[in-house]
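One letter stands for each residue in the lines below.
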Amino acid sequence: MTPFLKTRQVVVITGVRRCGKSVLLFLIKQKLELTEEHYCYVNFDDERLIPETAILEQIYLAHIELYKIEPVFFL
């Protein structure tokens with residue numbers, strides 16, 4: 001897993017429903033020692049999200065405005 005933590009590329013984690021993907025993301029966040037201002041977690045099961053790709057840009061821009069740091073995205 002370590003090589004994937006050091007890359008600047010997109011890493012995709014896939015799996016069947018309820019296999020621990022979200023737990024793995026949490027463990028990765030811990031391993032990278034990311035604090036709140038360094039990452040952005042988006043849960044697509046959240047009913048408040050509108051089903052448009054533009055929402056990701058809005059979330060990104062809101063994060064930049066709030067923290068002034070480019071985040072690592074966990075989707």
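In what follows, the structure referred to is the one given above.
In every chain, residue numbers begin from 1 and rise along the written sequence. With the structure being a predicted model, the display of local features is reserved for residues of pLDDT at least 70 and the display and counting of side-chain atom pairs for 80 or more, all residues being used for whole-chain, interface and lining totals. Computation of side-chain values covers all heavy atoms of the structure but excludes hydrogens and water.

Caption draft 1: Here's a closer look at the packing of aromatic side chains. Any pair of Phe, Tyr and Trp rings, taking the six-membered ring for Trp, is counted once the centres come within 6.5 Å. Such a pair is stacked with planes under 30 degrees apart, edge-to-face with planes over 60 apart, and tilted for the rest. Taken as a whole, this structure holds two aromatic pairs when the rule is applied. Look at Y39 and F74: their rings are 6.0 Å apart centre to centre, the planes differ by 70 degrees, and that puts the pair in the edge-to-face class. One end of the pair, Y39, is in strand 1 (residues 39–41); the other, F74, is in strand 2 (residues 72–74), with 35 residues separating them in the sequence. Helix and strand definitions here come from DSSP, where helices need a minimum of 4 consecutive H or I residues and strands a minimum of 2 consecutive E residues; each element is numbered from the N-terminal end.

Caption draft 2: View of the pattern of salt bridges. What counts as a salt bridge is simple: a side-chain nitrogen of Lys or Arg found within 4 Å of a carboxyl oxygen of Asp or Glu. Evaluated as defined, the whole model comprises one salt bridge. Across the pair D46 and R48 runs a salt bridge, and its minimum N-O distance is 2.6 Å.

Caption draft 3: View of unusual backbone geometry. At E33, a residue that is not glycine, the phi angle is positive and equals roughly 55 degrees. In this fold, E33 is placed in the loop between helix 2 (21–31) and strand 1. In this scheme, a residue with accessible area under 20% of its type's maximum is buried, one over 50% is exposed, and one in between is partly exposed, where area comes from a 1.4 Å probe on protein chains only. For E33, a relative accessible area of 68% puts it in the exposed group. Non-glycine residue K68 carries a positive phi angle of around 60 degrees. You can see K68 is positioned in the loop between helix 3 (54–67) and strand 2.

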